[in-house]
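# Residue-level structural notes
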Amino acid sequence: MQGFGIHAAMWTMTWDRAGAERAIAGAAKHKADLIEIPLLDAPSVDARHTRALLDRHGIRAACSLVLPQPAWASIRPDAAIAHLTTAMDKAAEMGGEALTGVTYGGTNERTGFPPTQGEYDNLTRALEAAARHAKKLGIQLGVEAVNRYESHLINSAEQAVALVERIGMDNVFVHLDTFHMNMEEKGAANGIIVARDHLKYMHMSESDRGTPGAGNVPWDSIFTALSAIGFKGALTLESFVSMPAEMAGDISTWRPVARDAEEVLDHGVGFLRGKAAQFGLS
């Protein structure tokens, strides 16, 4: 996975035929190399239709998800394996290069206590099985670190690296997100340095999940670190300006994060591409 991506949330979080057509055309209009497709309901996705659209517009895809509560890997590893297997099959069918995101749990998963060894054992078992299946399909599996208010399990680059190394398969990678790093890392650049050997995917997301460049993410530090490690993965703009109201509780987004999607795309895409060029990443 290489190049500049845009998360489909800029246009839709419902991956039906209409949503796919709108999002893939939008990503092509903004000259993205890839689009990140949310697999919130993988069985309902028309993979052949999506693959035809990707081919028509010359765009690659990565897929992402969070696990629903009945499939949280920390307590139900077998259910997590089944859920991930279905999603990976769909991702591969549409031509996706990876399944990433919170592949180990949910965004409202907190026990009120630090993670236990038993929980990490369950995560490892589930993701190791998922990674073996992904390898058969020829795709990669990502582990995204998210902030403490969304999960108690994997909050930092160091924790994501530890899980990836414990799984021990070469198709499993670390996925970092500048929104979460801005809260969790002791300097966002340090997280990138820590994850350097496993880092293949970046969510480029502002501190309020709005327009990149309009908040307080330390972008120069982020790009300096990415340049220093010779980052060759994907840089994907993520904003939840178009988040459906019924999903607000999943990521605690209670008010608009930008005027509209056009504002984020018109300013955010140019800002990120400019920074990438400035630091020799384009």
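Preceding this paragraph is the structure being described.
Here's a quick rundown of the structure. In this text, all values refer to a predicted model and were calculated from it rather than measured experimentally. (Residues numbered from 1 in each chain as written. Predicted model: local features only at pLDDT ≥ 70, side-chain atom pairs only at ≥ 80, totals over all residues. Heavy atoms only, no water.)

Scanning the protein chain for helices and strands turns up 10 helices and 8 strands. For 282 residues, the compact-globule estimate of 2.2 N^0.38 gives 19 Å, and the protein chain sits close to it at 17 Å. Principal axes of the C-alpha set define a box for the protein chain whose edges measure 45 × 45 × 35 Å. Across the 282 residues of the protein chain, 57% fall into the buried class. When contacts within the protein chain are restricted to residue pairs at least 6 apart in sequence, long-range pairs at least 24 apart make up 79% of them. With the model as given, the accessible surface of the protein chain reaches about 11700 Å², and the carbon-plus-sulfur share is 49%. (Helix = DSSP H or I, 4+ residues; strand = E, 2+ residues; numbered from the N terminus. Rg over C-alpha atoms; globule rule 2.2 N^0.38 Å. Buried < 20%, exposed > 50% of the residue type's maximum accessible area, 1.4 Å probe, protein only. Contact = heavy atoms within 4.5 Å. Areas by Shrake-Rupley, 256 points an atom, 1.4 Å probe, with all protein chains shown as cover.)

All chains considered together, the criterion is met by 9 salt bridges. Residues Asp220 and Lys275 are paired through a salt bridge, measuring 2.6 Å at the closest nitrogen-oxygen approach. With Asp220 in helix H8 (residues 219-228) and Lys275 in helix H10 (residues 261-278), the pair connects residues that are 55 residues apart, well separated along the chain. Note on Asp220: relative accessible area 39%, which makes it partly exposed. (Salt bridge = Lys/Arg side-chain N within 4 Å of Asp/Glu carboxyl O.)

Within the secondary structure, Ser205 is located in the loop between strand S7 (199-204) and H8. Assessed through its relative accessible area of 1%, Ser205 is described here as buried. At 3.2 Å, the side chain of Ser205 and the backbone oxygen of Glu238 are in polar contact. With sequence-adjacent residues up to four places away left out, Ser205 is seen in contact with Asp177, Thr178, Phe179, Val217, Trp219 and Glu238. (Polar contact = N/O pair within 3.5 Å; in protein donor to acceptor, adjacent residues only side chain to side chain.)

If you walk around this closed barrel you meet the 8 strands as S1-S2-S3-S4-S5-S6-S7-S8, and the pairing is parallel. Sheet twist, expressed as the average angle between the axes of neighbouring strands with direction ignored, equals 25 degrees. (Pairing = 2+ DSSP bridges. Axes fitted to C-alpha atoms, helices over the stretch in contact; angles between N-to-C directions.)

Turning to the packing of helix H4 (residues 117-137) against helix H5 (residues 157-167), a few remarks are in order. Orientation of H4 relative to H5, taken along the N-to-C sense of each, is 55 degrees, at an axis distance of 9 Å. When the axis of H4 is compared with that of H5, the two are oblique. In this structure, H4 meets H5 at a crossing whose hand is right-handed. Residues Gln117, Tyr120, Asp121, Leu123, Thr124, Leu127 and Glu128 of H4 form the contact with H5, whose participating residues are Gln159, Leu163, Arg166 and Ile167. Here the contact of H4 with H5 is composed, by residue class, of 5 nonpolar, 3 polar and 3 charged. (Parallel < 35°, antiparallel > 145°, perpendicular 65-115°, else oblique. Left-handed = near helix turned anticlockwise from the far one by under 90°. Nonpolar A, V, L, I, M, F, W, Y, C, P; charged D, E, K, R; others polar.)

Here we come to the environment of Met94. Here Met94 lies in the loop between helix H3 (77-93) and strand S4 (98-102). Separated by 52 residues in sequence, Met94 and Val146 have C-alpha atoms that sit 27 Å apart.

It is worth spelling out helix H1 (residues 17-29) at this point. If you check H1, its first and last C-alpha atoms are 18 Å apart, about what 13 residues at 1.5 Å a residue would give, namely 18 Å. Regarding H1, the residues found buried are Gly19, Ala20, Ala23, Ile24, Gly26 and Ala27. Taken around the axis of H1, the buried residues stretch over an arc of 160 degrees, which confines them to a single face. Lys31 sits one or two positions beyond H1 and adopts a positive phi of about 60 degrees. (Expected span 1.5 Å × (residues − 1). Arc of directions from axis to C-beta.)

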